[in-house]
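Examination of the molecular architecture
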Amino acid sequence: MAKLVITTNKSVKELKEEYHNSFGTVLRVYNGRSEADETASLSELGVTNEGTVECRGSLTVGSFVSKLYREYGLKVKVFTPDNWVSVLAG
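All residue numbers here refer to positions counted from 1 along the written sequence of the relevant chain. Selection of residues for local features in this predicted model requires a pLDDT of at least 70, selection of side-chain atom pairs for listing and counting requires 80 or more, and totals for whole chains, interfaces and linings are taken over all residues. Values shown for side chains rest on all heavy atoms present in the structure; no hydrogens or waters enter the calculation.

Focus: the side chain of K16
- Considering the arrangement of structural elements, one finds K16 in helix 1 (residues 12-23).
- Apart from the residues within four sequence positions on either side, K16 is in contact with L27, V29, E35 and E38. Helix numbers and strand numbers start at the N terminus; a helix is a DSSP run of H or I with at least 4 residues, a strand a run of E with at least 2. Residue contacts are defined here by distance: any two heavy atoms, one from each residue, within 4.5 Å place the two residues in contact.

Considerations on the pattern of salt bridges
- By convention in these notes, a salt bridge is any Lys or Arg side-chain nitrogen within 4 Å of a carboxyl oxygen on Asp or Glu. Applying the stated criterion across every chain yields a total of three salt bridges.
- Between K10 and E18 there is a salt bridge, with its nearest N and O atoms 2.3 Å apart.
- Note on exposure labels: buried denotes an accessible area under 20% of the residue type's maximum, exposed denotes more than 50%, and partly exposed covers the range between, all computed with a 1.4 Å probe on protein chains only. Its relative accessible area of 11% is what places K10 among the buried residues.

Some thoughts on unusual backbone geometry
- The backbone phi angle of N83 is positive, close to 60°, even though this residue is not glycine.
- Assessed through its relative accessible area of 33%, N83 is described here as partly exposed.

Topic: helix 2 (residues 61-72)
- With 12 residues, helix 2 should reach 16 Å at 1.5 Å per residue; the first-to-last C-alpha distance of 16 Å fits that figure.
- Within helix 2 the residues assigned to the buried category are G62, F64, L68 and Y72.
- Directly after helix 2, the chain includes G73, whose backbone phi takes a positive value near 75°. Working rule for helices: expected span equals 1.5 Å times residues minus one.

What to know about the sheet that holds strand 2 (residues 26-31)
- Any two strands with at least two DSSP-identified bridges between them are counted as paired. If you trace the three strands from one edge of the open sheet to the other, you get 3-2-5, paired in antiparallel fashion. Every other strand in the sheet has two partners, leaving strand 3 (34-35) and strand 5 (75-79) as the edge strands with one partner each.
- Of the pairings in the sheet, the one linking strand 2 to strand 5 comprises five bridges and is antiparallel in character. Among the inter-strand pairings, R28 is bridged to a residue of strand 5, identified as K77.
- Think of each axis as a best-fit line through the C-alpha atoms, taken over the contacting stretch in the case of a helix, with angles from 0 to 180 degrees between the N-to-C directions. Contacting strand 2, strand 3 and strand 5, helix 1 runs over the sheet at an angle of about 155° to strand 2.
- Packing against the sheet, helix 2 makes contact with strand 2 and strand 5, and its axis sits at approximately 155° to strand 5.

What to know about the layout of surface pockets
- Think of a 1 Å grid over just the protein atoms. A cavity is a set of points where a 1.4 Å probe fits yet cannot get out, a pocket is an open set with protein on both sides within 12 Å along at least five of seven lines, and lining residues have an atom within 4 Å of a point. Grid points are joined across faces, edges and corners, and a volume is the space filled by probe spheres set on the points. The computed volume of the largest pocket comes to approximately 180 Å³.
- Surrounding the largest pocket, 12 residues form its lining, Y19, F23, C55, L59 and V61 being those nearest its centre.
- Elements that contribute at least two residues to the lining of the largest pocket include exactly helix 1 and helix 2.
- Gly is placed with the polar residues, together with every amino acid not listed as nonpolar (Ala, Val, Leu, Ile, Met, Phe, Trp, Tyr, Cys and Pro) or charged (Asp, Glu, Lys and Arg). A breakdown of the residues in the lining of the largest pocket according to their chemical character gives eight nonpolar, three polar and one charged.

Okay, structure coming up:
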């Protein structure tokens, strides 16, 4: 089981690197309709609470994306390891 730690002072770049190291795929983080600046902190994107997202094998991409939005207000998409194709959220 992999874990993704969400803290308000973490940068977008740090979150993306932590995600890639844990799962081998690419996480894109959005600020509105555009990709968020990698130097922005998560608090700059509106994240006010902190926690750990535990990712078990049964967690689908869709559930993961929904959980990040519902619990932390983070808009994300998951892409293949080559950052070319979005992974279906189904």
